[in-house]
Amino acid sequence: MHSRWTWRILALPGVAWLSIFFLVAFYAVVSVAFGNQDTLSQPVPFWNPLNWNVGYVIGVLRDLWHAGPFFIVFVRTIKFVAIAMALSIALGYPVAYFAARHAGRWKGIVLLMLIVPFWINYLMRMLAWINLLAPDGLGTRVMHDVGIERLFLSAGLLAQRGGWLDGQPTTVILALVYGYIPFLILPLFAALDRIDQRQIEAARDLGASPLSAFLRVTLPLSVPGILAGTVLVALPMFGDYYTADLVSASTQTNMVGNQIDEFMRQGSEKVTGAVLTLLLALLLLVLMFYYLRSTRRAGAEASAA
Amino acid sequence: MSWFRNPWGRPRWLGVVTVLYILWSVVPVVLAIVFAFNAGRSRTTWQGFSFRWFTGSTGSVLHDPALQGALKHTLLLAVICVAVSTPLGVSLALGLQRWRGRGSGSVNTLMLLPLVTPEIVMGVALLLLFLRVFPEIGLGTTAQVIGQVTFTLSYVVVIVRGRLTSIGPEYEEAAADLGAPPHDQLRRVLLPLLAPAIIAAAAISFAVSIDDFVVTQYLSSDASTTTVSMLLYATARGAPTPALNAIATVALVITLVTLSLAFLVYRRFAGGKEAAALAAMEM
């Protein structure tokens with residue numbers, strides 16, 4: 001009896017901290033979203049749900065329904081994230097597959113190189129590309145010389161020569177891929193690495209070609225890894241504003257995060273900003289709980305094994 | 001040319017894709033570091049090797065007030081953040097590990113939520129909290145520390161719980177059988193066994209704090225609470241000098257040294273496999 005209480009008391013400060021600075025903080029977003037603003041256009045939260053003012057929420061929902069500016073931003077965000085995610089899987093799967101199955105004695109060093117990006121500040125990684133993609137940058141010159149620039153120009157993916165940083169959706173999407181693909185590759189690697197080699201050998205012994213062994217054994221077994229990686233990439237991509245800001249700096253590539261950032265930090269429309277934050281959080285809540293549930297299940301399986 | 005006749009036979013192309021990917025992910029950053037040592041003002045044309053952007057008398061990390069201030073503030077936040085989140089996280093991990101039954105599941109979910117919540121949601125939530133609920137705290141250093149602790153806490157708990165699970169309950173049970181009261185089990189048995197995990201957790205909190213951008217930016221008040229990440233964001237597109245690359249390099253070296261030390265300490269005391277899992281934690 002005595003010792004059971006010891007453990008609860010140990011957990012108390014942490015629980016109190018998270019309750020105040022996570023739960024109450026999140027409730028502050030809800031209260032502001034259903035609140036009002038004063039004459040200085042500062043947000044006034046309405047804490048009691050019975051007093052909630054639904055005006056601002058209705059305003060945003062009406063905008064979404066009538067395909068207004070917020071609708072365009074939401075659709076653009078989903079489009080950017082979907083393309084970036086598809087590209088990440090297309091590039092990340094072969095890399096994770098090679099690292100898990102064919103790297104041989106290089107496995108350790110390959111894995112290290114896959115982890116290294118995590119240890120580098122995200123903004124430094126973006127700064128590196130800003131240096132490269134400036135009109136006179138090394139990357140711009142190389143891409144011009146080897147014909148990549150012309151390829152992008154003729155495909156309509158780049159508006160003008162050397163204009164990589166001038167509000168190009170292409171650059172924003174590629175920057176998102178660059179920024180977040182490590183989050184996809186690592187869980188994918190873990191999933192592929194866990195697959196029992198003997199299952200693939202069994203398929204081959206029973207006459208499956210390498211391709212069909214891959215399609216019918218490896219691929220299905222790696223689906224949990226793909227899903228976990230996709231969620232881990234989608235969550236930060238949906239909340240991103242700094243990538244678009246840094247590599248584009250144009251309202252033409254605004255994502256939901258940019259809109260929220262403009263309202264919350266720069267402008268004086270904090271109530272509408274809170275409504276958008278709430279909508280984004282609701283949109284992502286499904287993904288968050290899916291991920292937490294799948295990691296808990298994986299944890300339970302690991303401790304049972 | 002065997003891959004040409006039978007492209008699915010041996011996966012050479014997979015190796016090529018992997019090498020290209022690794023080059024693509026690392027070379028830009030290496031170039032950014034190289035240009036921190038450029039003798040001229042350009043970040044695209046090499047003009048000779050020099051330390052001027054690190055230690056030169058004007059505009060260098062060492063002597064420019066804005067750069068120096070940002071570096072100092074980043075380190076200040078990281079130190080306080082570690083000092084708060086480590087004890088808080090260790091005690092929450094111990095509590096959660098042994099607390100079975102009602103409430104423990106929800107607390108566990110609550111603890112993991114900051115890890116998966118998009119940072120802008122946390123940034124907005126904490127901003128409104130400090131503007132409207134705790135106006136006496138307001139924005140600034142204190143708010144920044146509180147914001148960073150709120151998610152580094154989860155890293156500490158996850159790492160320490162991992163170690164607790166692998167230690168198992170046997171040692172403290174033995175101590176209990178020998179008559180040790182709970183606080184002695186904790187102080188003389190569990191904490192020494194947990195030391196490598198605690199050191200690793202502190203190091204990872206330190207690195208996460210240094211690299212954090214969104215929450216720190218949302219809770220900053222004025223120029224005096226600017227960090228290195230915020231400085232990179234604010235000036236990368238302006239007309240920056242290689243000093244920006246230099247300060248990013250300094251922050252990177254501090255992060256890498258901290259994480260490598262943590263990795264070595266953990267491997268020394270807890271074995272290679274757990275250490276590899278730890279290396280992948282910082283994300």
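Rules and cut-offs
Residues numbered from 1 in each chain as written. Chains lettered and ligands numbered in written order. Predicted model: local features only at pLDDT ≥ 70, side-chain atom pairs only at ≥ 80, totals over all residues. Helix = DSSP H or I, 4+ residues; strand = E, 2+ residues; numbered from the N terminus. Buried ≥ 20, exposed ≤ 12 C-beta atoms within 10 Å, placed from the backbone. Contact = placed C-beta atoms within 7 Å. Axes fitted to C-alpha atoms, helices over the stretch in contact; angles between N-to-C directions. Parallel < 35°, antiparallel > 145°, perpendicular 65-115°, else oblique. Left-handed = near helix turned anticlockwise from the far one by under 90°. Nonpolar A, V, L, I, M, F, W, Y, C, P; charged D, E, K, R; others polar. Expected span 1.5 Å × (residues − 1). Bend = angle between axes of the 7 residues up to and from the residue. Domains from an automatic or database assignment. Core = buried A, V, L, I, M, F, W, Y, C linked by C-beta atoms within 7 Å. pLDDT = per-residue confidence, 0-100.

## So, the overall build of chain A
Looking only at helices and strands, one finds 14 helices and two strands in chain A. Dimensions of chain A along its principal axes, counting C-alpha atoms only, are 75 × 70 × 35 Å. Burial status across chain A gives 43% buried among its 305 residues.

## Notes on the overall build of chain B
Helices and strands together make up the secondary structure of chain B, namely 13 helices and zero strands. When the helices and strands of chain B are read in sequence order from the N terminus, they spell out α-α-α-α-α-α-α-α-α-α-α-α-α. Reported as C-alpha extents along the three principal axes, the dimensions of chain B are approximately 70 × 70 × 30 Å. For chain B, the proportion of its 283 residues judged to be buried stands at 46%. Counted over contacts in chain B with a minimum sequence separation of 6, partners at least 24 positions apart contribute 70%.

## With respect to the environment of Ala16(A)
Residues and elements named next belong to chain A. Residue position: alanine 16 is located in helix H1 (residues 2-33). Judged by the 11 C-beta atoms lying within 10 Å of it, alanine 16 is exposed. For the pair alanine 16 and proline 69, spaced 53 residues apart in the sequence, the C-alpha separation amounts to 40 Å.

## Topic: the environment of Phe183(A)
Note on placement: Phe183(A) falls in helix H8 (residues 169-194). Taking the C-alpha atoms as reference points, Phe183(A) and Gln199(A), 16 residues apart in sequence, are found 27 Å from one another.

## As for the packing of helix H4 (residues 65-98) of chain B against helix H9 (residues 182-211) of chain B
All names here are of chain B. Look at H4 against H9: their axes get within 8 Å of each other, and the N-to-C directions meet at 140 degrees. In terms of axis orientation, H4 runs oblique to H9. The crossing of H4 and H9 is right-handed. Facing Thr74, Leu77, Ala78, Cys81, Val82, Ser85, Thr86, Gly89 and Val90 of H4, the residues of H9 in contact are Ile198, Ala201, Ala202, Ser205, Phe206, Ser209 and Ile210. A per-class count over the contact of H4 with H9 returns ten nonpolar, six polar and no charged.

## Points about H9(B)
Here H9(B) is 30 residues long, yet its end C-alpha atoms lie only 38 Å apart, well below the 44 Å a rise of 1.5 Å per residue gives. Of all bends in H9(B), the biggest is about 55 degrees, found at Ala195(B), and the proline Pro196(B) comes one to four residues later.

## Side note on the interface of chain A and chain B
On the side of chain B, 70 residues touch chain A, which itself brings 77 residues to the contact. Tallied by class, residues from the side of chain A that touches chain B come to 62 nonpolar, eleven polar and four charged.

## Some details on the domain arrangement of chain A
Residues and elements named next belong to chain A. We note that the domain assignment places domain 1 (1-66 + 268-305) and domain 2 (78-253) within chain A. If you look at the interface, domain 1 gives seven residues, while domain 2 gives eight residues. Its residues assigned to classes, the side of domain 1 that touches domain 2 shows six nonpolar, one polar and no charged.

## Structural notes on unusual backbone geometry
Residue and element names in this part refer to chain A. In this structure, alanine 67 is a non-glycine residue whose phi angle is positive, near 55 degrees. Here alanine 67 shows up in the loop between helix H2 (55-65) and helix H3 (69-102). We note that alanine 249 has phi near 55 degrees; this positive angle belongs to a residue other than glycine. For alanine 249, the location among the structural elements is in the loop between helix H12 (242-247) and helix H13 (256-266).

## Structural notes on the nonpolar core
Core analysis: the biggest nonpolar cluster contains 167 residues, and Val29(A), Leu127(A), Val124(B), Ala125(B), Leu126(B), Val160(B) and Ile247(B) have the highest contact counts within it. For this core, the leading source of residues is H8(A), giving 16 residues. Residue contributions to this core reach at least three from each of two domains, namely domain 1 (1-66 + 268-305) and domain 2 (78-253) of chain A. Ignoring any residue separated from it by four or fewer positions in sequence, one finds Ala125(B) in contact with Ala25(A), Phe26(A), Ala28(A) and Val29(A).

## Points about the confidence of the model for chain B
Residues and elements named next belong to chain B. Per-chain confidence: chain B averages 86 in pLDDT, with 91% of residues scoring 70 or above. Across chain B, the element-wise mean pLDDT spans from 48 in helix H1 (residues 2-5) up to 96 in helix H10 (residues 214-218). The ipTM assigned to the predicted complex is 0.90, against a pTM of 0.90.

## A look at the environment of Asp193(A)
Residues and elements named next belong to chain A. Positionally, aspartate 193 belongs in helix H8. Here aspartate 193 falls in the partly exposed class, since 15 other C-beta atoms lie within 10 Å of it. With 28 residues separating them in the primary sequence, aspartate 193 and leucine 165 have C-alpha atoms 38 Å apart.

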